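Listed below, chain by chain, are the residues.
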Amino acid sequence: MDRDLVERAMAGDREAFTELTRRSIGQLHAVARLILRDNERAEDATQEALVAAWRQLSALRDPDRFEAWLRRLLVRACYREAGKTRKQWTIASRIGQAATALAPLGVDPGIAIADHDELERAFSRLTPDRRALIVLHFYLGLPLQETSEILGIPVGTVKSRLTRTTMQMRASLEADARLPLRGETTA
Amino acid sequence: MNELSGLDRRLTAWLEEQAPVREPGGLLTVVTDKVARTRRLPGWLMSERWIPMQTRAQLGAAPRAALVLALLSMLILATAVAGAIALGQAPLPEPYGPARNGSLVYDEMGDIYLADASGTNTEAIITGPTFDHYPFFSHDGTLIAFARGQDSDLTSMVANADGTDVRELVPHVQWAEFVASDDQFVVTRYVDGRLVISIVDVDGQDLHDLDVGAIEPIDWVQSRPTDGAEIVFRGHPFAGSSALGFWAIGTDGSGLRQIGELGTLEPETGPLQDPVLSPDGQTIAYWSWEAKDGGSLDAYVHVRDLTTGDDQLLDLYPFNDTGSGPHFSPDGKSLLYESHSATVPDYDQLVIAPVDGSQPATPIGPSFDYRSRQSFDFSPDGAKVFLSQVNGTTVIDLTDAAATTTLPGIRSVLNWQRLAR
């Protein structure tokens with residue numbers, strides 16, 4: 001991100017902030033869409049994060065951290081947006097937990113044959129905070145330290161949760177793969 | 001993580017396919033219009049603080065200090081003059097070991113507050129346009145240190161325990177701590193872009209750096225109990241090294257020595273995390289992200305002898321996958337750390353384990369959302385544990401496991417004053 005633009009925006013230059021917004025809004029919205037799995041709520045979260053950034057920009061001391069700071073605001077906005085449907089989270093979480101219980105850890109569940117629909121289901125079963133973790137690390141490609149700072153948790157916890165979340169997804173994929181077999185048995 | 005690399009690659013490709021970066025139609029206009037109608041907030045009003053997670057944890061976990069507590073609370077309720085007199089006359093606790101529980105200090109919206117041990121009778125003691133946060137007591141409880149400023153440029157400040165006589169100590173600090181005698185302050189601070197270890201008198205005089213040769217300190221530094229003759233710190237053996245280790249150096253700059261073996265920072269390992277010294281000054285506890293016995297990666301608590309460097313991995317809990325801690329109990333016999341909840345999915349749990357490994361760890365208090373956790377530690381008397389979260393603090397009585405909420409709504413890291421027993 002252009003440091004000069006950030007410094008001008010920090011000094012109160014609305015045009016500079018508009019330019020920063022124009023450059024970042026596409027990626028912010030994409031991240032929010034992945035975390036929230038809903039286009040309209042992603043737009044709300046993106047809007048909230050950018051307006052909060054403008055309001056609070058004087059709290060940012062290091063212009064070079066603008067991008068990370070903005071992502072942190074976005075993740076928090078996504079959490080708040082997702083919190084409006086907390087009940088759905090809980091259900092999703094329980095599904096994910098049940099899938100984890102089925103997972104024989106360390107066994108390759110045949111990821112190679114997982115198709116897009118299966119990945120979609122496995123990803124959707126994650127809670128928004130776990131999706132945020134996955135998106136920051138695997139979609140944006142952020143290193144653990146930056147992911148840690150954006151999510152506000154220690155690096156060790158990021159590692160731990162990444163491991164457990166990918167295990168949960170793997171278990172979910174495996175559970176999906178077992179469903180036809182169960183159907184045949186029942187029949 | 002290696003065994004999941006197939007899923008990692010597939011996931012990345014799928015995510016990129018799912019969410020190509022493009023400007024959502026009309027949203028830029030909506031945001032621009034809204035920004036045009038939105039006023040900026042002054043910096044000192046920010047509740048949103050951008051501070052690296054490690055710095056927050058370090059400052060929050062920093063000191064556990066000492067002195068006049070219940071007495072101070074009563075004095076606050078009485079008069080400031082009477083309080084000051086009584087403070088001056090009160091006996092001081094030993095700098096380490098169990099003490100009586102005193103007042104709580106915390107920050108809120110850039111000001112510093114005191115509350116009594118039950119979280120009532122709150123009083124703002126340091127206010128004004130400056131942004132002040134992360135307060136903690138000296139070992140003897142007569143002083144309060146705090147950070148002034150925001151983000152990556154913090155200045156160490158000190159005041160009397162009642163908030164009077166505020167004075168600036170050191171700018172550009174990363175970590176700050178009272179030495180054992182409480183008449184000096186040790187910090188890591190930025191000088192010409194690199195961290196150095198410095199000592200300064202608590203009146204702000206005689207700031208001087210310790211020469212640690214090629215070693216590059218990275219953050220944490222602590223005065224070694226119980227006499228404070230050594231400063232223990234963490235760093236790299238030289239700039240740019242991926243190795244990480246503990247060192248000690250005399251407060252007079254002599255006797256620089258390495259403590260035990262170096263760890264290595266790799267993509268899959270995180271050694272020597274959250275170090276803390278035992279109250280008797282004999283050991284250092286920390287956790288490392290590592291694979292034990294060739295098994296899966298997890299977080300494990302270690303204790304290292306500060307004299308010999310001998311390192312012991314503690315097998316404390318069947319699921320000791322932790323993201324924060326450990327903390328020694330005031331008597332040095334137990335360790336408190338954060339683990340995963342055994343009962344609530346995706347939540348965390350505090351546990352206490354004996355340092356000698358003679359008993360399994362015991363879960364204490366409620367499960368909690370790790371994202372809301374600010375800090376946790378023992379009370380000075382060791383009979384309670386407090387867990388600070390963004391929505392308040394839970395105090396857990398270790399005698400009957402009763403958990404009570406105090407200071408609801410306060411988004412702050414608490415520190416508990418120590419009083420003479």
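Residues numbered from 1 in each chain as written. Chains lettered and ligands numbered in written order. Predicted model: local features only at pLDDT ≥ 70, side-chain atom pairs only at ≥ 80, totals over all residues. Heavy atoms only, no water.

Enquirer: Could you give an account of the overall build of chain A, naming the residues involved and the relevant values?
Expert: Each helix and strand in chain A was counted, giving nine helices and zero strands. Secondary structure of chain A in N-to-C order comes out as α-α-α-α-α-α-α-α-α. Of all 187 residues assigned to chain A, the portion counted as buried reaches 58%. Long-range pairs, those at least 24 residues apart, make up 69% of the contacts in chain A with a sequence separation of at least 6. As presented, chain A carries roughly 7,700 Å² of accessible surface, and 50% of it is formed by carbon and sulfur atoms. (Helix = DSSP H or I, 4+ residues; strand = E, 2+ residues; numbered from the N terminus. Buried < 20%, exposed > 50% of the residue type's maximum accessible area, 1.4 Å probe, protein only. Contact = heavy atoms within 4.5 Å. Areas by Shrake-Rupley, 256 points an atom, 1.4 Å probe, with all protein chains shown as cover.)

Enquirer: Before we move on, could you go through the packing of aromatic side chains and cite the residues and values that matter?
Expert: Given two aromatic rings, one states the distance between the centres and the angle between the planes to describe the pair. Residues and elements named next belong to chain B. Per the stated rule, a full pass over the model turns up 11 aromatic pairs over all chains. Here phenylalanine 178 and phenylalanine 185 contribute two aromatic rings whose centre-to-centre distance is 4.9 Å and whose plane-to-plane angle is 80°, an arrangement assigned as edge-to-face. With a relative accessible area of 0%, phenylalanine 178 lands in the buried category. Residue phenylalanine 185 is classed as buried on the basis of its relative accessible area of 1%. Members of the aromatic cluster, each reached through a chain of ring pairs, are Phe136, Phe178 and Phe185. (Phe/Tyr/Trp six-rings, centres within 6.5 Å; stacked < 30°, edge-to-face > 60°.)

Enquirer: Which residues make up the pattern of salt bridges, and what values go with them?
Expert: For the structure shown, the criterion picks out 18 salt bridges over all chains. Residue arginine 3 of chain A is joined to aspartate 64 of chain A by a salt bridge in which the shortest nitrogen-to-oxygen separation is 2.9 Å. In this pair, arginine 3 of chain A is assigned in helix H1 (residues 3-10) and aspartate 64 of chain A in the loop between helix H3 (39-56) and helix H4 (66-83), connecting sequence segments 61 residues apart. Accessibility expressed as a relative area gives 52% for aspartate 64 of chain A, which makes it exposed. Put simply, arginine 189 of chain B and aspartate 209 of chain B hold a salt bridge, and the shortest N to O gap is 2.8 Å. (Salt bridge = Lys/Arg side-chain N within 4 Å of Asp/Glu carboxyl O.)

Enquirer: An account of unusual backbone geometry is requested, with residue identities and associated values reported.
Expert: All names here are of chain B. Of note, the bond from proline 225 into threonine 226 is cis; its omega dihedral lies within 30 degrees of zero at 0°. In this fold, threonine 226 is placed in the loop between strand E11 (216-223) and strand E12 (230-236). We note that asparagine 121 has phi near 55°; this positive angle belongs to a residue other than glycine. If you trace the backbone, asparagine 121 turns up in the loop between strand E2 (111-115) and strand E3 (123-126). Overall, the relative accessible area of 39% leaves asparagine 121 in the partly exposed class. Even without glycine at this site, histidine 172 takes up a positive phi of about 60°. With respect to the helices and strands, histidine 172 occurs in strand E7 (residues 167-178). Overall, the relative accessible area of 37% leaves histidine 172 in the partly exposed class.

Enquirer: Please provide a residue-by-residue account of the pairing of strand E16 (residues 283-291) of chain B, values included.
Expert: Within E16 of chain B, eight of the nine residues are buried, leaving the element largely enclosed by the surrounding structure. Between strand E15 (residues 270-277) of chain B and the antiparallel strand that follows it, E16 of chain B, lie five residues; glycine 281 of chain B among them carries a positive phi value of about 75°. (Pairing = 2+ DSSP bridges.)

Enquirer: Which residues make up the packing of helix H2 (residues 14-36) of chain A against helix H2 (residues 27-36) of chain B, and what values go with them?
Expert: Taken N-terminus to C-terminus, the directions of H2 of chain A and H2 of chain B make an angle of 140°; their axes are 10 Å apart at the nearest point. Taken as axis vectors, H2 of chain A and H2 of chain B run oblique relative to one another. Of the two possible hands of crossing, H2 of chain A and H2 of chain B adopt the one that is right-handed. Counted together, Arg14, Phe17, Thr18, Thr21, Arg22, Ile25 and His29 of chain A of H2 of chain A and Leu27, Leu28, Val31, Thr32, Val35 and Ala36 of chain B of H2 of chain B form the full contact between these two elements. Residue classes in the contact of H2 of chain A with H2 of chain B are distributed as seven nonpolar, four polar and two charged. (Axes fitted to C-alpha atoms, helices over the stretch in contact; angles between N-to-C directions. Parallel < 35°, antiparallel > 145°, perpendicular 65-115°, else oblique. Left-handed = near helix turned anticlockwise from the far one by under 90°. Nonpolar A, V, L, I, M, F, W, Y, C, P; charged D, E, K, R; others polar.)

Enquirer: Hey, could you go over the nonpolar core for me, with residue numbers and the actual values?
Expert: Tyr139 of chain A together with Leu15 of chain B are the most contacted members of the largest nonpolar core, which has 65 residues in total. Excluding residues within four positions of it along the chain, leucine 15 of chain B makes contact with Leu34, Phe123, Ile134, Phe138 and Tyr139 of chain A. Counting residues in hydrophobic clusters, the runner-up holds 24 residues, among them Val212, Phe246, Leu277 and Ile284 of chain B. (Core = buried A, V, L, I, M, F, W, Y, C linked by side-chain atoms within 4.5 Å.)

Enquirer: Report on the environment of isoleucine 259 of chain B, specifying residues and quantitative values.
Expert: As for its position among the elements, isoleucine 259 of chain B is in strand E14 (residues 257-264). In this view, isoleucine 259 of chain B contacts Val232, Phe246, Trp247, Ala248, Arg304, Asp305, Leu306 and Gly309 of chain B; residues no more than four positions away in its chain are not counted.

Enquirer: Describe the packing of H2 of chain A against helix H7 (residues 128-139) of chain A, and please don't skip the residues or the numbers.
Expert: All names here are of chain A. For the pair H2 and H7, the least separation of the axes is 8 Å and the interaxial angle reads 140°. By the angle class used here, H2 and H7 are oblique. The interaxial crossing formed by H2 with H7 has right-handed handedness. Contact residues: Ala30, Val31, Leu34, Ile35 and Leu36 in H2; Pro128, Arg131, Ala132, Val135 and Tyr139 in H7.

Enquirer: Describe in detail the side chain of glutamate 216 of chain B, supporting the description with residues and values.
Expert: All names here are of chain B. Assignment of secondary structure puts glutamate 216 in strand E11. For the buried glutamate 216, which has no salt bridge, the nearest side chain bearing the opposite charge is arginine 194, at an N-O separation of 5.3 Å. When near neighbours in sequence (up to four residues on either side) are disregarded, glutamate 216 contacts Gly235, His236, Phe238, Ala239 and Gly240. (Lys, Arg positive; Asp, Glu negative; His and termini not counted.)

Enquirer: Describe the sheet that holds E2 of chain B, naming the residues involved and giving the relevant values.
Expert: Residues and elements named next belong to chain B. Read from one edge of the open sheet, four strands run E3-E2-E1-E27, paired in antiparallel fashion. Looking at strand neighbours, the two that pair on one side only are E3 and strand E27 (415-419), the edges of this open sheet. Taken pair by pair, the neighbouring strands of this sheet meet at an average axis angle of 35°, ignoring direction. By the bridge criterion, three bridges tie E2 to E3 in an arrangement that is antiparallel. Residue tyrosine 113 lies in a different strand from E3, and its bridge partner there is alanine 124.

Enquirer: Just give me the short version of the sheet that holds E7 of chain B, but keep the residues and values in it.
Expert: Residues and elements named next belong to chain B. Judged by pairing direction, the sheet is antiparallel, and its seven strands sit side by side in the order E4-E5-E6-E7-E8-E9-E10 without closing on themselves. The sheet is open, and its two edges are formed by strand E4 (132-137) and strand E10 (208-210), each paired on a single side. Here the average twist between neighbouring strands, direction ignored, is 50°. One ladder, built from five bridges, connects E7 with strand E8 (residues 184-191); its direction is antiparallel. Residue pairing in the sheet places phenylalanine 178 in a bridge with phenylalanine 185 of E8.

Enquirer: Report on the side chain of arginine 167 of chain B, specifying residues and quantitative values.
Expert: Residue and element names in this part refer to chain B. Among the structural elements, arginine 167 can be located in strand E7. One polar contact links arginine 167 to aspartate 165, side chain to side chain, over a distance of 2.9 Å. A polar contact is formed between the side chain of arginine 167 and the backbone oxygen of valine 202, at a distance of 2.8 Å. With near-sequence residues (within four places) excluded, arginine 167 lies in contact with Leu143, Ser156, Met157, Val158, Ala159, Asn160, Val202 and Asp203. (Polar contact = N/O pair within 3.5 Å; in protein donor to acceptor, adjacent residues only side chain to side chain.)

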